[in-house]
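Now for the letters of each chain:
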Amino acid sequence: MDLGNNNNMSHEKSKNIILKGIGGAPGIAIGKAYLVERGNVDIVDKYYIGKEWVQAEVERFKDAVNNSTKELLKIIEELPEEYRENAYILDAHLMLLKDKMIHQGTIERIEQEQINSEWALKKSVEHVKEVFSKMSTPYLKERLNDIVHVSERILRNLTGHSTDDISDINKRVILVAHDLSPAETTQIQLERVKGFITDLGGRTSHTAIIARSLEIPAVLGLERATHQITTGDLLIIDGMRGLVIIDPNEEALTYYHNEKGRFEAYEAMVARSSHLPAETIDGYRVRVMANIEMVEEVVSVLDHGGEGIGLYRTEYLYLNKKSLPTEQELFESYREIAEIMNPRPVTIRTLDIGGDKFGNGIERGHEVNPALGLRAIRFCLKEPEIFKTQLRAILRAAALGNIRIMFPMISSVEEVIAAKQILSDACESLDREGTPFNKDIDIGIMVEVPSAAVLSDLLAREVDFFSIGTNDLIQYSIAIDRGNEHVAHLYQPLHPAILRMVKSVVAAGHSAGIKVSICGEMACSPPYVPILLAMEMDELSMNPISIPQVKKMIRSVSLSDCKPLIKEVMKQRTAQDIVNILQDTFGEQFQDIASCEPLPD
Ligand code: PEP
Ligand code: MG
């Protein structure tokens, strides 16, 4: 449908203003807007308090932190059942209230600069923002939002600014807010609020995570929605495409009423079928697994029908701490995941840190080109003690569950041999001590650097499995920074060069008798499923919420239909030619997948 963008301002005609943001949680909502009023905590004055008032000011700050703690504890205590699985996010906020950079940093600023608490807190948050903005992982950038939400709560307690109490909103509305903290999101009355939109926030923000788990449609990152929308405006929100339509016209309303029905029917069907095996009509079975970054996500993996963890990104424990994590800390978290998932496999990827992602306790040198720098396995081979600590923790946890180990960013055979040598040193040291561990652990590598794809026949002899990381493979093959929006249009999973590489890696793995999986974003997009099936990919690993739709796609095609397709696809010269073939052959199945991202034009 052409939604048009009718900016005709006549009285009779609808304005039909379309805003584009980021799809936070799928689903469609049509309803009246309710603008959430916020006490403006951005405007903070600076004043000097004089030496004699420093102690009292520190006490005032501590009181505000205590009151914030009480407020959060009350929210957690009164959390309705449907929000329980998100309680960990609020627990993390409680901890952030005592975060050293925020809590101690503010107290030190008050004491040293003799300034008011509000200004000292503002400065501390700016400092944290600076530290976080240097991190390239969108996930960690989003964690900055958590710090901002927590400090806003303290600031409101310091200034006495009030905010709309979300839990009081009892009309069937779409909330429009500059920002919603996870705590506020959990106060939304599910049966009342149809959806929400915010100026700030991204797909991996905790607010979006909660919205997705509660299945409330949400569009985030709209930048100026609170300036463009007033309470009472009729809105359509499309959480899949990240669209909001203000004052929609008849055509848009009819289209979205139909889409809403289709989406709801699809969701109900997916929920019923997400635990069915991922098997094509003609009986070809693939394993659909999940990518996670934190232990807490394991519940969501099981809920969405994940058959294991295909990629556990282990950086989080290193980036969030003031010093390096100990072997015991790492062991505890790996064990927890392995035990919950057992007997399903858990693939632990060793540290992919470096470049511009550095944790505390890790020295960093200046690099002009961090993405091509001392990252992942290169960093670990240079810092064998840090590496060995992680390997020992993985080996120990592997005695208690079905754990596999995976090395990231391998670019040569020598690197695999060197990594395996350190792994065997770690085994020897555990053996000497008599510490229980699993010495028969499966070893795999990520194929995400073009040289590894080219050498995949040689690398396959060294390991038990491959996992293709298309996020980096595309970045390094097409020479585009994956985080740079100016070249985002060149980021094409269906680029013929990428498909040739992926196909040859699968073939090389299979001729060496090892399994091949894919864990880049390419795996979670249903339209790419027929191609991945035709290549006989053994496992697809993705964010947990995409699992049901990918399983659904797998169950709706047959391998015998996909197989001839790959021959045609591999002859094509451009990504667009491949899109056309996919659309012609599987358009009907794509139509069926309501939350399926459209193929690129
Ligand atoms: C990839 O590169 O495709 C991948 C899955 O790893 P990451 O996104 O963590 O770099
Ligand atoms: Mg990668």
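So, here's what we can say about the structure. Source: prediction; values computed, not measured.

1. A short note on the overall build of the protein
Piece 1. If you tally the helices and strands in the protein, you get 23 helices and 16 strands.
Piece 2. Expressed as a percentage of the 601 residues in the protein, the buried residues total 55%.
Piece 3. Sequence separation of 24 or more characterises 69% of the internal contacts of the protein that already satisfy a separation of 6 or more.

2. Here's the deal with the site of ligand 1
Piece 1. Around ligand 1, the surrounding shell holds 14 residues, and the nearest of these are Arg-313, Arg-349, Gly-469, Asn-471 and Arg-482.
Piece 2. Within the backbone of Asn-471, one N or O atom sits 2.7 Å away from an oxygen atom of ligand 1.
Piece 3. Between ligand 1 and Asp-472 there is a distance of 3.0 Å, counted from an oxygen atom to a side-chain nitrogen or oxygen.
Piece 4. Going through the elements one at a time, strand S10 (309–313) and helix H18 (470–478) are the ones with two or more residues in the shell around ligand 1.
Piece 5. Top element by residues in the shell around ligand 1 is H18. It accounts for three residues.
Piece 6. For the shell around ligand 1, the class distribution of residues is three nonpolar, four polar and seven charged.

3. A word on the nonpolar core
Piece 1. Of all hydrophobic cores here, the largest spans 103 residues; its most connected members are Phe-466, Leu-494 and Ile-531.
Piece 2. Broken down by element, this core gets its largest block of residues, eight residues, from helix H15 (residues 413–433).
Piece 3. Within the second largest apolar cluster, 34 residues are counted, among which are Val-65, Leu-79, Val-148 and Ile-154.

4. Let's talk about the packing of aromatic side chains
Piece 1. Summed over the entire model, instances satisfying the criterion amount to three aromatic pairs.
Piece 2. Judged by centre distance (5.9 Å) and plane angle (85 degrees), the rings of Tyr-312 and Tyr-334 are edge-to-face. Of this pair, Tyr-312 sits in strand S10 while Tyr-334 sits in helix H12 (residues 327–341), and the two are 22 residues apart along the sequence. Each member of the pair, Tyr-312 together with Tyr-334, is buried.
Piece 3. The ring of Phe-465 carries the charged tip of Arg-404 above its face, separated from the ring centre by 4.7 Å.

5. Structural notes on the side chain of Asn-116
Piece 1. Mapping Asn-116 onto the fold places it in the loop between helix H3 (100–113) and helix H4 (117–133).
Piece 2. In terms of polar contacts, Asn-116 uses its side chain to reach the backbone amide nitrogen of Tyr-47, at 3.0 Å.
Piece 3. Here Glu-118 takes part through its side chain, which lies 3.2 Å from a polar atom of the side chain of Asn-116.
Piece 4. Those residues in contact with Asn-116 that lie beyond four places of it in its chain are Asp-45, Lys-46, Tyr-47, Ile-49 and Glu-57.

6. Observations regarding H15
Each α-helix winds once per 3.6 residues, and so residues spaced three or four apart point in a common direction.
Piece 1. Compared with the 30 Å implied by 1.5 Å per residue over 21 residues, the 31 Å span of H15 between its first and last C-alpha is a close match.
Piece 2. If you follow the buried residues of H15, they end up packed against helix H13 (376–382), helix H14 (384–397), strand S12 (403–407), strand S13 (442–447) and helix H17 (456–459).

7. Examining the coordination of the magnesium ion (ligand 2)
Piece 1. Taken together, Glu-448 (OE) and Asp-472 (OD) make up the full set of protein donors to the magnesium ion (ligand 2), lying 2.1 Å away. Of the two residues, Glu-448 sits in the loop between S13 and helix H16 (450–454) while Asp-472 sits in helix H18, which places them 24 residues apart along the sequence.
Piece 2. Judged by its relative accessible area of 2%, Glu-448 is buried.
Piece 3. What makes Asp-472 buried here is its relative accessible area of 2%.

8. Focus: the side chain of Thr-280
Piece 1. On the secondary structure map, Thr-280 appears in the loop between helix H9 (250–273) and strand S9 (287–292).
Piece 2. The class of Thr-280 is buried, set by a relative accessible area of 3%.
Piece 3. A polar atom in the side chain of Thr-280 sits 2.7 Å from the side chain of Asp-282.
Piece 4. Not counting chain neighbours up to four residues away, the residues in contact with Thr-280 comprise Leu-533, Ile-554, Val-557, Ser-558 and Leu-559.

9. Remarks on the environment of Asp-538
Piece 1. Mapped onto the elements, Asp-538 comes out in the loop between helix H20 (529–534) and strand S16 (539–542).
Piece 2. For Asp-538, a relative accessible area of 18% translates into the label buried.
Piece 3. Leaving out residues up to four positions away in the same chain, Asp-538 has contacts with Val-286, Arg-287, His-510, Ile-514, Lys-515 and Val-516.

10. With respect to the environment of Arg-404
Piece 1. Residue position: Arg-404 is located in strand S12.
Piece 2. Along the backbone, Arg-404 and Asp-440 are 36 residues apart, and their C-alpha atoms lie at a distance of 9.5 Å.
Piece 3. Arg-404 has contacts with Arg-287, Met-289, Pro-345, Val-346, Thr-347, Ile-348, Ile-441, Asp-442, Phe-465 and Glu-539, leaving out every residue within four places of it along the chain.
Piece 4. A polar side-chain atom of Arg-404 sits 3.0 Å from a polar atom in the side chain of Thr-347.
Piece 5. A polar contact is formed between the side chain of Arg-404 and the side chain of Glu-539, at a distance of 3.0 Å.

11. Points about the sheet that holds S16
Piece 1. Taken in spatial order, the eight strands line up as S9-S10-S11-S12-S13-S14-S15-S16 and close into a barrel, and their pairing is parallel. In this sheet, adjacent strand axes meet at a mean angle of 25 degrees when their direction is disregarded.
Piece 2. In this sheet, S12 lies alongside strand S11 (residues 346–349) in parallel orientation, the contact comprising four bridges. Within S12, the residue paired with Thr-347 across the bridge is Arg-404.
Piece 3. Packing of helix H19 (residues 496–511) onto the sheet brings it into contact with S13, strand S14 (465–468) and strand S15 (515–518), and relative to S14 it is tilted by some 170 degrees.

12. Section: the packing of helix H1 (residues 54–77) against helix H2 (residues 87–96)
Piece 1. Two elements in contact, H1 and H2, have axes whose closest approach is 10 Å; the angle formed by their N-to-C orientations is 170 degrees. Between H1 and H2, the crossing angle belongs to the class labelled roughly antiparallel. Between H1 and H2, the residues in contact are Thr-69, Leu-72, Leu-73, Ile-75 and Ile-76 and Leu-90, Asp-91, His-93 and Leu-94, respectively.
Piece 2. Per-class residue counts for the contact of H1 with H2 are six nonpolar, two polar and one charged.

13. Let's talk about the pattern of salt bridges
Piece 1. Across all of its chains, the model carries 22 salt bridges by this definition.
Piece 2. Here Arg-313 makes a salt bridge to Glu-293, at a shortest N to O gap of 3.9 Å. Within this pair, whereas Arg-313 is found in strand S10, its partner Glu-293 is found in the loop between S9 and helix H10 (298–303), the two being separated by 20 residues in sequence.
Piece 3. Where Lys-420 meets Glu-462, a salt bridge forms, and the shortest distance between an N and an O atom there is 3.2 Å. With Lys-420 in helix H15 and Glu-462 in the loop between H17 and S14, the pair connects residues that are 42 residues apart, well separated along the chain.
Piece 4. One salt-bridge network, in which partners are shared between bridges, spans Glu-315, Arg-349, Asp-352, Arg-375 and Asp-472.

14. Side note on unusual backbone geometry
Piece 1. In this chain, Asn-342 is followed by Pro-343 through a cis amide linkage whose omega measures 5 degrees.
Piece 2. Mapped onto the fold, Pro-343 is located in the loop between H12 and S11.
Piece 3. Phi is positive for Asp-247, which is not a glycine, with a value near 50 degrees.
Piece 4. Inspection of the secondary structure assignment puts Asp-247 in the loop between strand S8 (243–246) and H9.
Piece 5. By relative accessible area, which is 25% here, Asp-247 ends up partly exposed.

Calculation rules
- Residues numbered from 1 in each chain as written.
- Chains lettered and ligands numbered in written order.
- Predicted model: local features only at pLDDT ≥ 70, side-chain atom pairs only at ≥ 80, totals over all residues.
- Heavy atoms only, no water.
- Helix = DSSP H or I, 4+ residues; strand = E, 2+ residues; numbered from the N terminus.
- Buried < 20%, exposed > 50% of the residue type's maximum accessible area, 1.4 Å probe, protein only.
- Contact = heavy atoms within 4.5 Å.
- Near = heavy atom within 4 Å.
- Polar contact = N/O pair within 3.5 Å; in protein donor to acceptor, adjacent residues only side chain to side chain.
- Nonpolar A, V, L, I, M, F, W, Y, C, P; charged D, E, K, R; others polar.
- Core = buried A, V, L, I, M, F, W, Y, C linked by side-chain atoms within 4.5 Å.
- Phe/Tyr/Trp six-rings, centres within 6.5 Å; stacked < 30°, edge-to-face > 60°.
- Lys NZ or Arg CZ within 6 Å of the ring centre and 35° of its normal.
- Expected span 1.5 Å × (residues − 1).
- Donors = N, O, S within 2.8 Å, 3.2 Å for Na, K, Ca; no water.
- Pairing = 2+ DSSP bridges.
- Axes fitted to C-alpha atoms, helices over the stretch in contact; angles between N-to-C directions.
- Parallel < 35°, antiparallel > 145°, perpendicular 65-115°, else oblique.
- Salt bridge = Lys/Arg side-chain N within 4 Å of Asp/Glu carboxyl O.

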